[in-house]
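These are the residues of each chain, in order.
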Amino acid sequence: MEWTFSQEELPATAESFWQHYKGQHIFTLEGPMGAGKTTFIKALCSARGVEDATASPTFSIINEYAFRENGQEYTIYHLDLYRLKDEEEAIAAGVEDTLYHDHAISFVEWPDIINDLLPPDTVRLQLSVLPDKKRLLRAG
């Protein structure tokens, strides 16, 4: 799957994303610094009805957001593993708990150090910056 979008098209892209990935729970998001990974995740949270303020978890490593759907409470975990050195440090930070949590969705930025921990059905996403300031999101 692939989406090309501008900043203005971000809310509609987030809605389309959720329609396509209904039922998926673990996503990795790769791309260069400044590509808009956190901005995209913020739009996805908003599309799911998250009311909490969303921010980059660069220093906290893991941010947690709640939303309700069909009377059930769910959690979105947003992980930024850029500052972690290895898998051991990721485990100590609680990363495994976010990946195997019922009623939760996890987005993982900079996922390389935890590749062995990721479930086989993880959706791997790549975000690129296009010359016209649009973004290209590819799943693969």
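Residues numbered from 1 in each chain as written. Predicted model: local features only at pLDDT ≥ 70, side-chain atom pairs only at ≥ 80, totals over all residues. Heavy atoms only, no water.

Colleague: Looking at this structure, how should I read the pattern of salt bridges?
Modeller: Any two side chains of opposite charge can pair, on the condition that their charged atoms come close. Applying the stated rule across the entire model yields three salt bridges. We note a salt bridge from arginine 48 to glutamate 69, for which the minimum N-O separation is 3.1 Å. Taken together, the positions of arginine 48 in the loop between α2 (37–47) and β3 (62–69) and glutamate 69 in strand β3 put the pair 21 residues apart, joining distant regions of the chain. Given a relative accessible area of 18%, arginine 48 falls into the buried group. Judged by relative accessible area, which is 28%, glutamate 69 ranks as partly exposed. Two residues, arginine 68 and glutamate 73, come together in a salt bridge whose shortest N-O distance is 3.5 Å. Residue classification places arginine 68 among the exposed positions, given a relative accessible area of 54%. (Salt bridge = Lys/Arg side-chain N within 4 Å of Asp/Glu carboxyl O. Helix = DSSP H or I, 4+ residues; strand = E, 2+ residues; numbered from the N terminus. Buried < 20%, exposed > 50% of the residue type's maximum accessible area, 1.4 Å probe, protein only.)

Colleague: What is the right way to look at the packing of aromatic side chains in this model?
Modeller: Aromatic ring pairs are described here by two measures, namely the spacing of the ring centres and the angle between the planes. Taken as a whole, this structure holds 13 aromatic pairs when the rule is applied. Relative to phenylalanine 40, the ring of phenylalanine 17 has its centre 5.7 Å away and its plane inclined at 85°; by these criteria the two rings are edge-to-face. Here phenylalanine 17, found in helix α1 (residues 10–20), pairs with phenylalanine 40, found in helix α2; they are 23 residues apart in sequence, far enough to count as distant. These aromatic residues form a ring-pair network of at least three members: Trp3, Phe5, Phe17, Trp18, Tyr21, Phe27, Phe40 and Phe107. (Phe/Tyr/Trp six-rings, centres within 6.5 Å; stacked < 30°, edge-to-face > 60°.)

Colleague: Hey, could you run me through unusual backbone geometry in this one?
Modeller: Generally, phi is negative for residues other than glycine and the peptide bonds are trans, each holding for most cases. The backbone phi angle of asparagine 70 is positive, close to 55°, even though this residue is not glycine. Relative to the elements of secondary structure, asparagine 70 occurs in the loop between β3 and β4 (72–80). Classification of asparagine 70 by relative accessible area gives exposed; the value is 80%. One non-glycine residue, tryptophan 110, lies in the positive phi region at around 55°.

Colleague: What is the right way to read the environment of aspartate 121 from this model?
Modeller: With respect to the element layout, aspartate 121 can be found in the loop between β5 (104–109) and β6 (123–129). Remark: the alpha-carbon pair of aspartate 121 and asparagine 63, spanning 58 residues in sequence, is separated by 22 Å. Other than its neighbours up to four places away in sequence, aspartate 121 contacts Gln24 and Ile26. (Contact = heavy atoms within 4.5 Å.)

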